[in-house]
Amino acid sequence: TKSNAYQQLADSLLTKGVATYRYDKRIVTQIKNRKPSDKTLFSDFIIDAKESVNFFKNDNRFSRIYIAGHGQGSLVGMLAVDKDVYGFISLNGAGQSIDALIVQQIAQQQPGLDKVAAKTFERVKNSRELVVDIERDLYVLIGPQVQPFMKSWMQYDPAKEIKKLQIPILIINGSKNRQVDPSEAAILKDAVPVASLELIENMNHVLK
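Reference entry: report on the structure contained in this document. All values reported here derive from a predicted model rather than from experimental measurement.

1. Some words on the pattern of salt bridges
Part 1 of the reasoning: Across all of its chains, the model carries seven salt bridges by this definition.
Part 2 of the reasoning: Between Asp99 and Lys125 there is a salt bridge, with its nearest N and O atoms 2.9 Å apart. Here Lys125 lies in helix H6 (residues 113–126) and Asp99 lies in helix H5 (residues 98–109), a separation of 26 residues in the sequence.
Part 3 of the reasoning: Taking the relative accessible area as the measure of exposure, Asp99 reaches 7% and is therefore buried.

2. Looking at the sheet that holds strand E2 (residues 87–91)
Part 1 of the reasoning: Pairing is parallel in the open sheet, where four strands are placed in the order E1-E2-E3-E4. For this open sheet the edge positions go to strand E1 (66–70) and strand E4 (196–200), each flanked by a neighbour on one side alone. The sheet shows a mean angle of 15 degrees between the axes of neighbouring strands, direction not considered.
Part 2 of the reasoning: Note: E1 against E2, five bridges, orientation parallel. The partner of Tyr66 across the bridge, within E2, is Gly87.
Part 3 of the reasoning: Across the sheet, helix H10 (residues 182–191) lies against E2, strand E3 (169–174) and E4, angled at about 165 degrees from E3, the strand it touches most.

3. A word on the packing of aromatic side chains
Part 1 of the reasoning: With the rule as written, the count across this model stands at eleven aromatic pairs.
Part 2 of the reasoning: Centroid distance Phe56 to Phe62: 5.8 Å. Interplanar angle 75 degrees. Geometry classified as edge-to-face.
Part 3 of the reasoning: Of the residues examined, Phe56 reaches a relative accessible area of 18% and is grouped as buried.
Part 4 of the reasoning: Within the aromatic cluster, the residues linked to one another by ring pairs are Tyr21, Tyr23, Phe55, Phe56 and Phe62.
Part 5 of the reasoning: Note that Arg64 overlies the ring of Tyr86, its terminal NZ or CZ placed 3.9 Å from the centroid.

Rules used throughout
Residues numbered from 1 in each chain as written. Predicted model: local features only at pLDDT ≥ 70, side-chain atom pairs only at ≥ 80, totals over all residues. Heavy atoms only, no water. Salt bridge = Lys/Arg side-chain N within 4 Å of Asp/Glu carboxyl O. Helix = DSSP H or I, 4+ residues; strand = E, 2+ residues; numbered from the N terminus. Buried < 20%, exposed > 50% of the residue type's maximum accessible area, 1.4 Å probe, protein only. Pairing = 2+ DSSP bridges. Axes fitted to C-alpha atoms, helices over the stretch in contact; angles between N-to-C directions. Contact = heavy atoms within 4.5 Å. Phe/Tyr/Trp six-rings, centres within 6.5 Å; stacked < 30°, edge-to-face > 60°. Lys NZ or Arg CZ within 6 Å of the ring centre and 35° of its normal.

Okay, structure coming up:
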């Protein structure tokens, strides 16, 4: 990130003897190479995370593998957990499905549009074809160009997915996170009461 938060976090963990591996989402690389793909799905992110675990699982330099997912990566990380992963950390991750979260955010910013958004998301979910008649204010969020990706993302409910994990879980959010409200961390905690929850005072979405 531009804030260099991941680098700083990695450096701090290194002082504790913890090695880290981090990577950009494949779409970031595509954009850097000026070859963005409109065929990328949310499931591709999960594949990439699982392949990362597979790469390190037989490396005897490391005693345990943990997955830490930030923002959208929190859900990706949950879905990438397998028998080789010892623990999971959600950093500023949502507790609701992405469509529910967006509708909630729209309700706060543009009351009235949230009802249109909720109906639009449902239409997209239930349609086998691209939905082309989209309200102008929602076009960037759920227009035909992004519908395949959004549809593949909307099918997952983080609160349900995190319940499936049988490993230690740490949920972290910040009191000044305006992108993913701290209440989202509470939803995850309610789903898995045995999980540890840390609400960091004054921290924002980019871990500052």
